[in-house]
Amino acid sequence: MGFKAKARKKRDAAAAKAGTDNKIKEEYVGETKCDVAGCSNWADKKIGGRRKAYEWAVDVWGDNGISNDSRRVTLCKTHYKVGKKHKKDDPDAWS
Ligand SMILES: [Zn+2]
């Protein structure tokens, strides 16, 4: 590899690193996504996300409304509130 190619490679790596740093500053990047279909919010615990039983979520959004079919679903803050309200309006759902 010639000197110029090496220099270019080094510069690209530095640019990629800088780009990553900028993205973190611009927008929050979480680890867990909300499992409600069509929702692209982050559902990390530190920003208000919750983990609930699959049945809990299906009762609110139905089978097709949940994009994850594992026993636990992750909800963003907004959808957790929606679910909680739904349960409140229908006290039988708690039993
Ligand atoms: Zn959501």
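Provided above is the structure to which this section pertains.
Since we're looking at a predicted model, the values are computed, not measured.

Let us look at helix α3 (residues 77-89). For α3, built from 13 residues, the straight-helix expectation of 18 Å at 1.5 Å per residue is met to within 8% by its first-to-last C-alpha distance of 19 Å. All of the buried residues along α3 are H79, Y80, G83 and K87. Projected down its long axis, α3 shows its buried positions confined to an angular sector of 105°, all on one face. In α3, the exposed residues that point more than 90 degrees away from the buried face are K81, K85, K88 and D89. Of the surrounding elements, those touching the buried residues of α3 are β1 (50-53), α2 (54-61) and β2 (72-75).

Now for the packing of α2 against α3. Their axes nearest at 10 Å, the elements α2 and α3 cross at an angle of 80°. Relative to α3, the element α2 is oriented roughly perpendicular. Contacts between α2 and α3 pair W56, D59, V60 and W61 from the former with H79, Y80, V82, G83, K84, H86 and K87 from the latter. Residues belonging to the contact of α2 with α3 are distributed by class as follows: five nonpolar, three polar and three charged.

We now examine the coordination of the zinc ion. Here the zinc ion is held by C34 (SG), C39 (SG), C76 (SG) and H79 (ND1), and the distances to it run 1.9 to 2.3 Å. If you look at the zinc ion, its four donor atoms make angles of 106 to 113° with each other, and the shape they trace is tetrahedral. Mapped onto the sequence, the donors of the zinc ion take the spacing C-x4-C-x36-C-x2-H.

Counted according to the given criterion, the structure contains one aromatic pair. The interplanar angle of 20° and the centroid separation of 6.0 Å between the aromatic rings of W56 and Y80 together place this pair among those described as stacked. With W56 in helix α2 and Y80 in helix α3, this residue pair connects regions lying 24 residues apart in the sequence. An identical accessibility class is assigned to W56 and Y80; each is buried. In this arrangement the basic side chain of K33 is found over the ring face of W42, its NZ or CZ atom lying 4.6 Å from the centre.

In this structure W56 comes out as buried when scored by relative accessible area, which is 11%. Separated by 17 residues in sequence, W56 and V73 place their C-alpha atoms 8.9 Å apart.

Looking now at the nonpolar core. Ranked by size, the top nonpolar core spans twelve residues in total: C34, V36, C39, A43, Y54, W56, A57, I66, V73, L75, C76 and Y80. For this core, the secondary-structure elements that each account for two or more residues are α2 and β2. Top element by residues in this core is α2. It accounts for three residues. In this structure Y80 touches R50, K52, W56 and L75, once residues within four positions along its chain are discounted.

Rules of the game
Each chain carries its own residue numbering, running from 1 in the written order of its sequence. For a predicted model such as this one, the threshold for reporting local features is a pLDDT of at least 70, and the threshold for listing and counting side-chain atom pairs is 80 or more; totals across whole chains, interfaces and linings nevertheless cover every residue. Hydrogens are left out, water is left out, and the side-chain values use all remaining heavy atoms of the structure. Strands are runs of DSSP state E lasting at least 2 residues, helices are runs of H or I lasting at least 4, and numbering of each runs from the N terminus. An expected span of 1.5 Å times one less than the residue number is assigned to each helix. Buried means the residue's accessible area, taken with a 1.4 Å probe over protein chains only, is under 20% of the maximum for its type, while exposed means over 50%, and partly exposed covers the values in between. This arc is taken over the directions from the axis of the helix to the C-beta atoms. The contact criterion used is simple: two residues touch if any of their non-hydrogen atoms lie within 4.5 Å. Every angle, taken between N-to-C directions, lies between 0 and 180 degrees, and every axis is a line fitted to C-alpha atoms, over only the stretch in contact when it is a helix. The labels follow the angle: roughly parallel below 35 degrees, roughly antiparallel above 145, roughly perpendicular from 65 to 115, and oblique for the rest. Residues are sorted three ways: Asp, Glu, Lys and Arg are charged, Ala, Val, Leu, Ile, Met, Phe, Trp, Tyr, Cys and Pro are nonpolar, and all the rest, Gly among them, are polar. Keep in mind that water is not among the atoms, so a site may look incomplete; donors are the N, O and S atoms within 2.8 Å of the metal, or 3.2 Å for Na, K and Ca. Here a site with four donors is tetrahedral if all angles are between 85 and 135 degrees, and a site with four or six donors is square planar or octahedral if opposite donors are over 155 degrees apart and the other angles are between 65 and 115; anything else gets the irregular label. Classification of ring pairs rests on two measures: the distance between centres of Phe, Tyr or Trp rings, Trp counted by its six-membered ring, which must be within 6.5 Å, and the angle between planes, read as stacked under 30 degrees, edge-to-face over 60 and tilted in between. A ring is scored as having a charge over it whenever the NZ atom of a lysine or the CZ atom of an arginine sits within 6 Å of its centre and within 35 degrees of its normal. By nonpolar core we mean a set of buried residues, namely Ala, Val, Leu, Ile, Met, Phe, Trp, Tyr and Cys, connected to one another through side-chain atoms within 4.5 Å.

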